Amino acid sequence: MALANEHYLKLQAGYLFPEIARRVQAFTDANPDARVIRLGIGDVTRPLAPAVLEAFHRGVDDLGRADTFHGYGPEQGYPFLRDAVVERAYQPLGVDLKPSEVFVSDGSKCDCANILDIFALGNRVAICDPVYPVYNDTNVMAGRTGEADERGYYAGITYLPCVEENGFIPALPDHPVDLVYLCYPNNPTGAVASLDELARWVAYAREHGAVLLYDAAYEAFVTEPDVPRSIYQVPGAERCAIEFRSFSKTAGFTGVRCGLTVVPEALTARTAGGREVSLNALWSRRQSTKFNGVSYPVQRAAAAVYSDEGWPQVQENIAYYMENARIIREGLTGAGITCYGGVNAPYIWLKTPGGLTSWQFFDRLLQECHVVGTPGSGFGASGEGYFRLSAFGDRENVETAVDRIRSAWGR
Ligand code: MLT
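Report follows, based on the coordinates. This structure is a prediction, so every number in the text was calculated from the model and none was measured.

The rules behind these values
Residues numbered from 1 in each chain as written. Predicted model: local features only at pLDDT ≥ 70, side-chain atom pairs only at ≥ 80, totals over all residues. Heavy atoms only, no water. Helix = DSSP H or I, 4+ residues; strand = E, 2+ residues; numbered from the N terminus. Rg over C-alpha atoms; globule rule 2.2 N^0.38 Å. Buried < 20%, exposed > 50% of the residue type's maximum accessible area, 1.4 Å probe, protein only. Contact = heavy atoms within 4.5 Å. Lys, Arg positive; Asp, Glu negative; His and termini not counted. Charge placed at Lys NZ, Arg CZ, Asp CG, Glu CD. Near = heavy atom within 4 Å. Polar contact = N/O pair within 3.5 Å; in protein donor to acceptor, adjacent residues only side chain to side chain. Areas by Shrake-Rupley, 256 points an atom, 1.4 Å probe, with all protein chains shown as cover. Domains from an automatic or database assignment. Core = buried A, V, L, I, M, F, W, Y, C linked by side-chain atoms within 4.5 Å. Right-handed = clockwise from strand over helix to strand, strands pointing away.

## Some remarks on the overall build of the protein chain
Working step 1: What the protein chain contains, in helices and strands, is twelve helices and 15 strands.
Working step 2: Against the globule reference of 22 Å for 411 residues, the protein chain gives a C-alpha radius of gyration of 21 Å, in line with a compact fold.
Working step 3: Counting only residues that meet the buried cut, the protein chain has 54% of its 411 residues in that class.
Working step 4: Of the contacts made within the protein chain by residues no fewer than 6 positions apart, 72% connect residues no fewer than 24 positions apart.
Working step 5: Here the protein chain holds 37 positive side-chain charges and 49 negative ones, and the gap between their average locations is 1 Å.

Here is the structure:
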């Protein structure tokens, strides 16, 4: 008899977004005429930028001719995309990477999960609370934790509360940890970390030999010039950090699938016997064994994001979403609802009015306003009493949603 991975049974409920989809489906089945506006999962609505679409088409056409056909590509990504990332995404930040440090993938969610393959089970892990659930759940699945307590905290994981009082930036752990997940601009709170705050984490990691797993999926939404877009803007981070980036929200690739992970060549970890090993080499090995690369047309499309034509078009889409964020933030703040985020991130993190729990507010918002958001408690215990609205959506829908919430909840 085959034995199942019992660590999966420790996971508390279904993954957050399918659970939301289930509740919304039940509501729409019962209320087929309701015009439901979805600002829950952060899924883009704008079409691909014209230059990106054209490159995508050209990539497909290449596959239709013998002289430009491509079969298996390099598992780590085509040089044309790795070079473009180095030159167009990192050099402008003053960050010097080698193309061999950039690994193209089918998305940062997968990479955030798969990265655990190259770390020993015995690593002590720190995770922010609230947090993108993938970091937590994949550690549970891997068997790095015990059972969850009544708050949903799994034994063996160090949780770092990110709350109003600390500006949603976690304090350093009071005991040593080996792997720390950080995400800035943050999902779900929309908070950003300053260069000084990131430098504090880099110093911690260097001192303790820890590795920072830095999720920068939302860096493209930074609007303020002094807000860092990459952990590598902190000197020394190349010795202690892995960075994840995504084309999903940046360029509308949630359905296309492309992301990247930077594993610097200077980054090492130790074996139990004390030998230093290159994490770049381990990740490269992992990818060539378990992954066959992202399709050629998708990589062509991704490279066009950085082209002279594509870049301003992509920025236009980002500005569109950030205007949505402003409309939500200012609209709700004007109605007396406390809101965070939405300035350098496409998420607005609001305090549920009337002392409702996150799920109570979810249900009321769905029933009374026909608006879908994400309950803060779904991201962790410290998210209780909060609610996330996504700025990804059509302008008219966003305006209507804000009007409905203001009518129902405005003071
Ligand atoms: C979210 O809404 O938090 C994201 O869309 C989820 C994801 O990127 O996987």
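## A short note on the site of the ligand
Working step 1: Phe-17, Ile-41, Gly-42, Lys-109, Tyr-132, Asn-187, Tyr-218, Lys-249, Tyr-347 and Arg-388 make up every residue found near the ligand.
Working step 2: Tyr-132 has a polar side-chain atom sitting 2.6 Å from an oxygen atom of the ligand.
Working step 3: The separation between an oxygen atom of the ligand and a polar side-chain atom of Arg-388 is 2.6 Å.
Working step 4: Protein burial of the ligand: of its 270 Å² of free accessible surface, 85% is covered by the chains.
Working step 5: Split by domain, the shell around the ligand shows at least three residues from each of two domains, domain 1 (8-47 + 311-409) and domain 2 (52-305).

## Focus on the nonpolar core
Working step 1: Ranked by internal contacts, the top residues of the largest apolar core, which has 134 residues, are Leu-212 and Phe-253.
Working step 2: The biggest single contributor to this core is helix α10 (residues 310-334), with nine residues.
Working step 3: Looking at which domains feed residues into this core, each of domain 1 (8-47 + 311-409) and domain 2 (52-305) supplies at least three.
Working step 4: With sequence-adjacent residues up to four places away left out, Leu-212 is seen in contact with Val-180, Leu-182, Trp-201, Val-202, Ala-205, Ile-231, Cys-240, Ala-241 and Ile-242.

## Description of the pairing of strand β6 (residues 211-215)
Working step 1: For β6, a buried count of five out of five residues is recorded, marking the element as mostly surrounded by other parts of the structure.
Working step 2: Here β6 shows two buried faces, one formed by Val-211, Leu-213 and Asp-215 and the other by Leu-212 and Tyr-214.
Working step 3: What joins strand β5 (residues 179-183) to β6 is helix α6 (residues 195-208), and the crossover it makes is right-handed.

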